[in-house]
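Spelled out, the chains give:
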Amino acid sequence: MLSRVLEPEVMDTAEEALDYDTMDHSFVNGLFADQFVELLSGSSFLPRGRWRVLDVGTGTAQIPIEIVRRRSDVDIVAIDLDRKSTRLNSSHS
């Protein structure tokens, strides 16, 4: 499983959020999304039907976007402390 390293602080400005969002995290985000989907697909404790996932500290929401690209039966609520970060991807909801 791909380990995640928590970031110590929220982004303070819209510029910081935009800078972070424009970095190319596609490989690691895709890898995480693949592993997440694989892990949950093989779990016997999950109910059948739609998945409901809560992503706390989503930042610019690139990982939830990658997950829903892979699985149309996933509903993700993604929240972040910083309004600037989450506003960048409101068009993806």
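This text follows the structure it describes.
Residues numbered from 1 in each chain as written. Predicted model: local features only at pLDDT ≥ 70, side-chain atom pairs only at ≥ 80, totals over all residues. Heavy atoms only, no water.

## Section: the environment of Gly59
Assignment of secondary structure puts Gly59 in the loop between β1 (51–56) and α3 (62–70). Judged by its relative accessible area of 7%, Gly59 is buried. For the pair formed by Gly59 and Ala17, sequence separation is 42 residues and the distance between their alpha carbons is 7.9 Å. (Helix = DSSP H or I, 4+ residues; strand = E, 2+ residues; numbered from the N terminus. Buried < 20%, exposed > 50% of the residue type's maximum accessible area, 1.4 Å probe, protein only.)

## Topic: the packing of helix α2 (residues 26–41) against α3
Here α2 crosses α3 at 50°, and the two axes come no closer than 9 Å. Classified by the interaxial angle, the pair formed by α2 and α3 is oblique. With respect to the hand of their crossing, α2 and α3 are arranged in right-handed fashion. Contacts from Asn29, Gly30, Phe32, Ala33, Asp34, Phe36 and Val37 in α2 reach Gln62, Ile63, Glu66, Ile67 and Arg70 in α3. By residue class, the composition of the contact of α2 with α3 is 6 nonpolar, 3 polar and 3 charged. (Axes fitted to C-alpha atoms, helices over the stretch in contact; angles between N-to-C directions. Parallel < 35°, antiparallel > 145°, perpendicular 65-115°, else oblique. Left-handed = near helix turned anticlockwise from the far one by under 90°. Contact = heavy atoms within 4.5 Å. Nonpolar A, V, L, I, M, F, W, Y, C, P; charged D, E, K, R; others polar.)

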